[in-house]
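Survey of secondary and tertiary structure
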Amino acid sequence: MLLDAKAPHLSSAIPPTLPWKVNELVQPSEPLTRQGSGINGSFGDSEELRCVIAVIRHGDRTPKQKVKLKITEEKLLNLMLKYNGGRPRSETKLKSAVQLQDLLDATRMLVPRTRPDRESDSEAEDVEHAEKLRQVKAVLEEGGHFSGIYRKVQLKPLKWVKVTKGNGEVEEQPVEALMVLKYGGVLTHAGRKQAEELGRYFRNKMYPGEGTGLLRLHSTYRHDLKIYSSDEGRVQMSAAAFAKGLLDLEGQLTPILVSLVSKDYSMLDGLENASSEMKEAKAWLNEIITSNANTVDSNGSPEFPWMVDGAGLPPNASELLANLVKLTKKVTKQVRLLAQDENEKLAERSLYDVIPPYDQATALGKTNIDVDRIAAGLPCGSEGFLLMYARWKKLETDLYNERKERFDITQIPGVYDSCKYDLLHNAHLNLEGLHELFKVAQMLADGVIPNEYGISPKQKLKIGSKIARRLLGKLLIDLRNTREEAITVAELKNNHDHSLSINIEKEDAEAKSKLFHKNDEIDQDDDDDKETKYRLDPKYANVKTPERHVRTRLYFTSESHIHSLMNVLRYCNLEESLQEESLVCRNALERLCKTKELDYMSHIVLRMFENTEVALEDPKRYRIELTYSRGADLSPLEKKGSAATSLHQEHTLPIMGPERLQEIGSYLTLETMEEMIRPFAMPAEDFPPATPAAFSGYFSKSVLDRLVNLWPFHRQASSLGK
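Per chain, residue numbering runs from 1 following the sequence as it is written. Local features in this predicted model are restricted to residues of pLDDT 70 or higher, and side-chain atom pairs are both shown and tallied only at a pLDDT of 80 or more, whereas totals for entire chains, interfaces and linings draw on every residue. Hydrogens and water molecules were not included; the side-chain quantities draw on all heavy atoms of the structure.

**Concerning the side chain of Ser602**
- Mapped onto the secondary structure, Ser602 falls in the loop between helix 23 (586-594) and strand 11 (603-611).
- Taking the relative accessible area as the measure of exposure, Ser602 reaches 0% and is therefore buried.
- Counting of polar contacts relies on pairs of N or O atoms within 3.5 Å, with two restrictions inside protein: one atom must be capable of donating a hydrogen and the other of accepting it, and residues adjacent in sequence are counted only when both atoms are side-chain atoms. A distance of 3.5 Å separates a polar atom in the side chain of Ser602 from the backbone oxygen of Leu598.
- Residues in contact with Ser602, not counting those within four places in the same chain, are Val55, Ile56, Arg57, Ile562, Ser629, Arg630 and Gly631. Note on conventions: DSSP H or I runs of at least 4 residues are helices, E runs of at least 2 residues are strands, and numbering of each starts at the N terminus. Relative accessibility decides the category of a residue: with a 1.4 Å probe and only protein chains considered, values under 20% of the type maximum give buried, values over 50% give exposed, and everything between is partly exposed. The contact definition used throughout considers only heavy atoms, calling two residues in contact when any of these lie within 4.5 Å.

**Re empty space enclosed by the protein**
- Cavities and pockets are found on a 1 Å grid laid over the protein atoms alone: a cavity is a set of points where a 1.4 Å probe fits but cannot escape, a pocket is an open set with protein on both sides within 12 Å along at least five of seven lines, and a lining residue has an atom within 4 Å of such a point. Grid points are joined across faces, edges and corners, and a volume is the space filled by probe spheres set on the points. Tallied over the full model, the rule gives six cavities of 30 Å³ or more.
- What lines the largest cavity is a set of 18 residues, among which Pro450, Arg570, Leu592, Cys593 and Thr595 lie closest to the centre.
- Tallying contributions element by element places helix 22 (residues 559-571) first for the lining of the largest cavity, with five residues.
- How far each domain reaches was decided by an automatic or database domain assignment. Composition of the lining of the largest cavity by domain shows at least three residues from each of domain 1 (47-61 + 188-272 + 462-485 + 556-686) and domain 3 (278-293 + 305-351 + 381-453).

**Quick look at the packing of helix 16 (residues 412-425) against helix 17 (residues 434-451)**
- Axes here mean lines fitted to C-alpha atoms, for a helix over just the part in contact, with angles spanning 0 to 180 degrees between N-to-C directions. Relative orientation of the contacting elements helix 16 and helix 17 amounts to 135 degrees, with a least axis distance of 8 Å. Considering their axes alone, helix 16 and helix 17 lie oblique with respect to each other. The crossing of helix 16 and helix 17 is left-handed. Between helix 16 and helix 17, the residues in contact are Ile412, Pro413, Val415, Tyr416, Cys419, Lys420, Asp422 and Leu423 and Leu434, His435, Leu437, Phe438, Ala441, Gln442, Leu444, Ala445, Val448 and Ile449, respectively.
- Throughout, the ten residues Ala, Val, Leu, Ile, Met, Phe, Trp, Tyr, Cys and Pro are labelled nonpolar, Asp, Glu, Lys and Arg are labelled charged, and all others, Gly among them, are labelled polar. Looking at the contact of helix 16 with helix 17 residue by residue, the class counts come to 14 nonpolar, two polar and two charged. The scheme is simple: roughly parallel for angles under 35 degrees, roughly antiparallel for over 145, roughly perpendicular for 65 to 115, oblique for anything else. By convention the crossing between two helices is left-handed if the near helix lies anticlockwise of the far one by an angle smaller than a right angle, and right-handed if it lies clockwise.

**A look at the nonpolar core**
- Formed by 84 residues in total, the largest nonpolar core has its most connected members in Phe202, Leu246, Leu324 and Trp392.
- Domain assignment of the residues forming this core places at least three in each of domain 1 (47-61 + 188-272 + 462-485 + 556-686) and domain 3 (278-293 + 305-351 + 381-453).
- Take the buried residues of types Ala, Val, Leu, Ile, Met, Phe, Trp, Tyr and Cys, join any two whose side-chain atoms come within 4.5 Å, and each joined set is a nonpolar core. The next biggest cluster of nonpolar side chains, apart from the first, holds 48 residues, and it includes Leu268, Ala486, Ala588 and Leu626.

**Here we look at the sheet that holds strand 4 (residues 151-164)**
- In this scheme, strands are said to pair when DSSP sees at least two bridges between them. Across the sheet, four strands lie side by side as 2-5-4-3; this open sheet has antiparallel pairing. Edge strands, defined here as strands with exactly one partner in the open sheet, are strand 2 (64-71) and strand 3 (92-94). Direction aside, neighbouring strands of the sheet carry axes that sit 25 degrees apart on average.
- Here strand 2 runs beside strand 5 (residues 170-184); their pairing, made up of eight bridges, is antiparallel.

**Some words on the side chain of Asp60**
- With respect to the element layout, Asp60 can be found in the loop between strand 1 (47-57) and strand 2.
- Here the positive residues are Lys and Arg and the negative ones are Asp and Glu; neither His nor the chain ends is included. Salt bridges are counted wherever a side-chain nitrogen of Lys or Arg sits within 4 Å of a carboxyl oxygen of Asp or Glu. For the buried Asp60, which has no salt bridge, the nearest side chain bearing the opposite charge is Lys420, at an N-O separation of 6.7 Å.
- A polar atom in the side chain of Asp60 sits 2.8 Å from the side chain of His425.
- Other than its neighbours up to four places away in sequence, Asp60 contacts Val186, Leu187, Thr188, Ala190, Gly191, Gln194, Leu424, His425 and Tyr600.

**Observations concerning unusual backbone geometry**
- Phi angles above zero are rare outside glycine, and Asn430 is one such case at about 50 degrees.
- Along the chain, Asn430 falls in the loop between helix 16 and helix 17.

**A closer look at the packing of aromatic side chains**
- Pairs were defined over the aromatic rings of Phe, Tyr and Trp, the Trp ring being its six-membered one, requiring ring centres within 6.5 Å. Orientation was assigned from the angle between planes: stacked under 30 degrees, edge-to-face over 60, tilted for the rest. Per the stated rule, a full pass over the model turns up six aromatic pairs.
- Here the aromatic rings of Phe304 and Trp306 are separated by 5.6 Å at their centres, their planes lie at 75 degrees, and the arrangement is edge-to-face.
- Among the residues examined, Phe304 registers a relative accessible area of 31% and is labelled partly exposed.
- The class for Trp306 is buried, based on a relative accessible area of 6%.
- On the numbers, 5.7 Å between centres and 20 degrees between planes, the contact of Tyr416 with Phe438 is stacked. Of this pair, Tyr416 sits in helix 16 while Phe438 sits in helix 17, and the two are 22 residues apart along the sequence.
- Ring pairing ties together the aromatic residues Phe202, Phe242 and Phe556, which thus form one cluster.
- The ring of Trp160 has Arg89 lying over it, and the distance from NZ or CZ to the ring centre is 3.8 Å.
- Above the ring of Tyr667, the side-chain terminus of Lys620 is found at 5.6 Å from the ring centroid. Counted as over-ring charges are cases with an Arg CZ or a Lys NZ within 6 Å of the ring centre that also lie within 35 degrees of the ring normal.

**Some points on the confidence of the model for the protein chain**
- Each residue carries a pLDDT score, the predictor's own confidence in it, on a scale running from 0 to 100. Across the protein chain, the average pLDDT comes to 79, with 73% of residues at or above 70.
- Residue range residues 347-365 is modelled with pLDDT below 50. Its contacts to residues more than four positions away, or to other chains, number 45 contacts.
- Note that residues 496-501 has pLDDT below 50 and, in this model, one contact with residues that lie over four places away or in other chains.

**With respect to the environment of Val163**
- Along the chain, Val163 turns up in strand 4.
- Here the alpha-carbon distance between Val163 and Gln173, two residues ten residues apart in the chain, equals 6.9 Å.
- Apart from residues lying up to four places away in sequence, Val163 is in contact with Glu169, Val170, Glu171 and Gln173.

**Topic: helix 5 (residues 124-141)**
- Across its 18 residues, helix 5 extends 26 Å between first and last C-alpha, which sits within 8% of the 26 Å expected from 1.5 Å per residue.
- By the burial criterion, the buried members of helix 5 are Val127, Ala130, Leu133, Arg134, Gln135, Val136, Lys137, Ala138, Val139, Leu140 and Glu141. Given the number of residues in a helix, its expected span is that number minus one, multiplied by 1.5 Å.

**Here we look at the pairing of strand 4**
- As paired strands, strand 3 and strand 4 are joined by three bridges and run antiparallel to one another. Each bridged residue has a counterpart across the sheet, and for Leu94 the counterpart in strand 4 is Val153.
- The turn linking strand 4 back onto strand 5 is made up of five residues, and Gly168 within it adopts a positive phi angle of 95 degrees.

**Some remarks on a positive patch on the surface**
- Like charges within 9 Å and nonpolar side chains (Val, Leu, Ile, Met, Phe, Trp, Tyr) within 5 Å are joined into patches, using only residues over 30% in relative accessible area that form no salt bridge. Here the Shrake-Rupley method, with its probe set to 1.4 Å, supplies the accessible areas, and only the displayed protein chains count as covering residues. Lys charges are placed at NZ, Arg charges at CZ, Asp charges at CG and Glu charges at CD. A cluster of basic residues, Lys66, Lys68, Lys93, Lys95, Lys152 and Lys182, forms a positive patch at the surface.
- The exposure class assigned to Lys182 is partly exposed, which follows from its relative accessible area of 32%.

**Examining the pattern of salt bridges**
- For the structure shown, the criterion picks out 36 salt bridges.
- Across the pair Glu610 and Arg621 runs a salt bridge, and its minimum N-O distance is 2.7 Å. Of this pair, Glu610 sits in strand 11 while Arg621 sits in the loop between strand 11 and strand 12 (622-629), and the two are eleven residues apart along the sequence. A single burial state applies to Glu610 and to Arg621, both of which are buried.
- Between Glu674 and Arg678 there is a salt bridge; the shortest N-O distance is 4.0 Å.
- Note on Glu674: relative accessible area 5%, which makes it buried.

**Looking at the packing of helix 18 (residues 457-467) against helix 22**
- Direction vectors running N to C along helix 18 and helix 22 enclose 125 degrees, while the axes themselves pass 8 Å from each other. In terms of their interaxial angle, helix 18 and helix 22 are classed as oblique. Between helix 18 and helix 22 lies a crossing whose hand is left-handed. When helix 18 is examined against helix 22, the residues Pro457, Lys460, Leu461, Gly464, Ser465 and Ile467 are found in contact with a partner set consisting of Ser560, His561, Ser564, Asn567, Val568, Arg570 and Tyr571.
- Here the residues of the contact of helix 18 with helix 22 are counted per class, giving five nonpolar, six polar and two charged.

Spelled out as structure tokens, the structure:
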């Protein structure tokens, strides 16, 4: 702006987008311009971007872990009663720093000072219990600080006895409880870097516009941005890091998280809605893999491999499974030797050491690699050898039960996850056989993971719609709200009735006198969030297109929702009531069938464009463009050379560019998109209607009321008496 005003001869030399390094796209795509999408071909200068919706998986994380043990120690049972209100049959959850410090103090008193002699007569169960207590202690001491975001403990009573008190009253007391400690799954420095870089990519590539595109839109209050996250710490921090890159922000992630990211557990967390169907799919998978079955019942044909039941499962799965167990034991044995020395040093620590106060900025994702730890031959991050051994030992034990001679195929993703993590972050430990184990685990995981969300296409659609039902409903509301706002803008722009203009100006006198200030009459927008809304007043605008407005909705979640949403998009045409073909073109269906993993930072993007030369009532006025990225690219990790060496130094895998889900030049209307998705989405009436405040800066109250009345969901709710 300064250069335009004072040195126009220099301003033309400034690049329209800020330079930054971007990875090569999977397939060539046309450059993004001010008008038109650029990814699905050009549709003329009359198109304007109206909406960007992205569903994004979190970044690179440490492996998720769980320790289960039955406790009978009085100190631990009393701790459970302390935090559940003294109710003997109620479970309690410990997440705060104070609660976890209490647990650590109790555990330190109970952990044996020396390891029992394996040759002694000690009972195997006692030895195992002591080992688990030692692991709990190590987890609580990890990193030197507490964080409820990535360490939480459940204590659930299992057995009770009746005790007679001195006054004759009889009360229950717990004598045994189940302790479940969940930890790990923390966003790594690599995950933070991936999220920030993807945010920068979105800023520079997803928003065609004048000058610096998105930043210009955002700074002039024409960009309506909302960011949602699940309850998981790694997902929240990925959202904050992405926002930092998207809006070119400075400083720590914590303030960004607090100010810009909204948590929505019901929409972006949990698999409870489809638990029975997923259990059925896993049981079927287990039968296929362990029974040496080379083929799976197929409803499809070789011509349509994505329609084959159990697609992707390797034909020699049972042989691979036996090899997986053998190689896992080999790696575990090596890590055990590394852990022995560390355990002796930990035993020397004072029982009364107090963990320093929890530092959120430190706990929620490091910025850089800890070079000193790696140089000293220690594992990356805050994980010590003792916890690294516990991680591998649990996988070895759970993968194959030697006594029952039974495999558990649900552990395959965990083995693959641990392999990938150690290959990327702990390559300096030079674990023999790890690369071979990774190859075997990858072949099995490529078949198991996609099929856990349904063996057959129809089952994938059913599970996908159950998991992503609320999210799908919200996406439809986002698109519909954008359309209604765009229609209102277009009508206002085309209406030259002088009396209407006078009326609007009279009603808007106070709002326009307070440019960028809150409209007190409306404190809720379409997303039912109470917050201040700001909008640019065209009367005072010093931009080329003051009426231009873009809505952005970003949903950060886990792998389950990415798989679920993708399965609904590609299989929604299997719904008997629909006569349309798949939303995803045949070429993309083939690519998706070969894409086994939707890795860290994988994402699905919906962009809506408005063709301003088409009549308002014409379905072709609004076009939807669908793209996806499979996220972090593993291929460089599997090669040798300078590229692989560089990755091992940085510990960060590159993010793949966008791929089309439609043919070039295809035209998916909003009307068709709504028709295809609606049967699987939460009904609109389940979302409480609210006055859209997206233009409350320069629309009169009468116009806003009219917009609400235009909204069909509002009318439907009114007719139902809601």
